[in-house]
Amino acid sequence: MSIKNICCLGAGYVGGPTCSVIALKCPEIKVTVADLSKDRIAQWNSEKLPIYEPGLDDVVRKCRGKNLFFSNNIEESILEADLIFISVNTPTKINGNGKGRAADLKYVEGAARIIADVAQNNKIVVEKSTVPVRAAESIANILIANQKPGVTYQILSNPEFLAEGTAVNDLLNADRVLIGGENTEAGREAVEKLCSIYEHWLPRKNIVTMNTWSSELSKLAANAMLAQRISSINSLSAVCEATGADVSEVARAVGLDSRIGSKFLQASVGFGGSCFQKDILNLVYICECLNLPEVAAYWQQVIDMNEYQKHRFTTKIIESCFNTLSGKKICILGFAFKKNTGDTRESPAIHVAKTLLDEGASIKIYDPKVDKEQIDEDLTNPYVCENPENYRKRISIYTDPYTASKDCHAIVVCTEWDEFVDLDYKKIYGNMMKPAYIFDGRKILDHQALINIGYHVQTIGKRL
Ligand SMILES: NC(=O)c1ccc[n+]([C@@H]2O[C@H](COP(=O)([O-])OP(=O)(O)OC[C@H]3O[C@@H](n4cnc5c(N)ncnc54)[C@H](O)[C@@H]3O)[C@@H](O)[C@H]2O)c1
Ligand SMILES: O=c1ccn([C@@H]2O[C@H](COP(=O)(O)OP(=O)(O)O[C@H]3O[C@H](CO)[C@@H](O)[C@H](O)[C@H]3O)[C@@H](O)[C@H]2O)c(=O)[nH]1
């Protein structure tokens, strides 16, 4: 029997867009995205979705209320479903064993327990969250230990590779879909059923099936290798600054080798986002637990290089501004971890803002998609600052870049939003303190044009 009813536990950056695209491409399947959070579900059911993703509004508008539903009724959604995606968050543990490195599987476990409690008939349970290798075994253990008579489960691994800011396009045109399952008749049958969903819009050759543990590890490996490229080019950006080479030219030359390729070689203030750091730390932890310390140290270096890059960038700002920021006003352009998203998780802008605040500066922030409340939460939570009021009185948030930069000593570009490229930098210069500095952490501006206006310009991987 083919899949008629899908439920997804977790209406976040993955569950929401993934299920919206499934609903769009599989009109005969009822798709319900269920979440514990009342606020999040209310937003999914409103005109303003909880996440900003280009193209997502259209997809949701086409399907919502027809075959796509967002609900807090988790039990009912599970009861009705033939196939259940677990798409809950798997953050880095903040307490206990593996603190600061291991993935916290409490939400995955919670989801498995609800399924075990509620299920009355056979279910295919699909691990979509990014998890440590062999997590599917833990899910299976919970389900089997609580199994009701006549109910059977198949657990599949189906990691998600979408990137924020391009999620809809990534889902519609996925390079590959991975599906890991058991090599038994029932396992292969479950894999086929999941394949048939993706085959509504992707060619079969893009759907790769493998054993469950390979599928789980491939997700961590893909993120580790993508982040490794960024850390590699960022490490070379330091060499460029010290020698007079230009990292964009080096990246172009290296990327033209078809064995290397040109993607993910953009030097920057450092990578951010909810995945790279978390997933590499998870990989490092797994390697340590497997008694592979050399492998753990190898991947840890990708994170260390990212920290070094963020630190190098903020040090450059402080040193350029006569080694003191006390009483100075600095404008931060961009707070999201990359363009075309409002997500700020692990954004390098948080590191930049914190360092500038700790140096005594006042900061004026503009980002086209990040809410004021989010910035306040990011900069005043206990992991970032000890005295929120001391920070708050020196943070202001603006809805346009011209007011944000007025009377500032420096502008720091933290996110590569397209609109920052075409600002009227002459007008901005006129309203800034002199000497006026620009620190381009994303290498998106026309540096020579800025120098001609009168700015002091610094960027990554190039001496100006
Ligand atoms: N964000 C990305 O771009 C991305 C891409 C690929 C993979 N991933 C992985 O996908 C997973 C989800 O990431 P995300 O960014 O969507 O997280 P998120 O925090 O945006 O969303 C997770 C949602 O799960 C909900 N939730 C937690 N426990 C639940 C339960 N028992 N039942 C129902 N809902 C529950 C939370 O309330 C939250 O709304 C993570 O493992 C992440 O590593 C993320
Ligand atoms: O050449 C580059 C490419 C990216 N970045 C930065 O790296 C971070 C991550 O960017 P990106 O990978 O595009 O976005 P994510 O949404 O974090 O997506 C990554 O993490 C997801 C979650 O696991 C995976 O599904 C995706 O395949 C993987 O690309 C951002 O801060 C980017 O600015 C650079 O600095 N230089």
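Before reading further, recall that the structure is shown in the block above.
Throughout what follows, the structure given in this document is the object of discussion. Being a predicted model, the structure only gives us computed values, none of them experimental.

Procedures and definitions
Residues numbered from 1 in each chain as written. Chains lettered and ligands numbered in written order. Predicted model: local features only at pLDDT ≥ 70, side-chain atom pairs only at ≥ 80, totals over all residues. Heavy atoms only, no water. Helix = DSSP H or I, 4+ residues; strand = E, 2+ residues; numbered from the N terminus. Near = heavy atom within 4 Å. Polar contact = N/O pair within 3.5 Å; in protein donor to acceptor, adjacent residues only side chain to side chain. Areas by Shrake-Rupley, 256 points an atom, 1.4 Å probe, with all protein chains shown as cover. Buried < 20%, exposed > 50% of the residue type's maximum accessible area, 1.4 Å probe, protein only. Contact = heavy atoms within 4.5 Å. Core = buried A, V, L, I, M, F, W, Y, C linked by side-chain atoms within 4.5 Å. Salt bridge = Lys/Arg side-chain N within 4 Å of Asp/Glu carboxyl O.

1. Observations concerning unusual backbone geometry
Each neighbour pair has its own omega, and for K434 with P435 the value is -5 degrees, a cis peptide bond. The topology assignment puts P435 in the loop between α17 (425–430) and β13 (437–440). If you check the backbone angles, N291 has positive phi at about 60 degrees while not being a glycine. Within the secondary structure, N291 is located in the loop between α11 (276–289) and α12 (293–320).

2. Structural notes on the site of ligand 2
In the vicinity of ligand 2 lie 21 residues, with F161, L162, S268, C275 and R442 positioned nearest. Taking L162, its main chain carries an N or O atom lying 2.7 Å from an oxygen atom of ligand 2. At 2.7 Å from an oxygen atom of ligand 2 is found a side-chain nitrogen or oxygen belonging to N223. Isolated, ligand 2 exposes 700 Å² of accessible area, and the fraction of that covered by the protein chains is 91%.

3. Observations concerning the site of ligand 1
For ligand 1, the set of nearby residues contains 26 residues, the closest of which are D35, R40, T90, E164 and K278. G10 is positioned with one of its backbone polar atoms (N or O) 3.5 Å from a nitrogen atom of ligand 1. The separation between an oxygen atom of ligand 1 and a polar side-chain atom of R40 is 2.8 Å. Computed on the free molecule, ligand 1 has an accessible area of 830 Å², of which 92% lies beneath the protein chains in the complex.

4. With respect to the environment of E288
On the secondary structure map, E288 appears in helix α11. On the accessibility criterion, E288 (38% relative accessible area) is partly exposed. Discounting chain neighbours no more than four positions away, the residues touching E288 are R101 and A296.

5. A few points about the nonpolar core
Counting residues in each nonpolar core, the largest one holds 57 residues, and the members touching the most others are L356, I363 and Y425. In terms of residues, this core owes the most to one element, helix α13 (residues 348–358), which gives six residues. Those residues within four positions of I363 in sequence are excluded, and the remaining contacts are I330, I332, A353, L356, L357, L379, R394, I395 and S396. Core analysis: the next-biggest nonpolar cluster, separate from the first, contains 44 residues, I3, F85, A167 and Y198 among them.

6. Regarding the pattern of salt bridges
All told, the structure shown has 24 salt bridges when counted by the stated rule. Two residues, E47 and R64, come together in a salt bridge whose shortest N-O distance is 3.8 Å. Pair noted here: E47 is in the loop between α2 (38–44) and α3 (56–63) and R64 is in the loop between α3 and β3 (68–71), with a separation of 17 residues, a long-range link. Among the residues examined, E47 registers a relative accessible area of 66% and is labelled exposed. Residue E307 pairs with K310 through a salt bridge whose shortest N-O separation is 3.1 Å. Separated by three residues within a single helix, E307 and K310 lie in helix α12, roughly one turn from each other.

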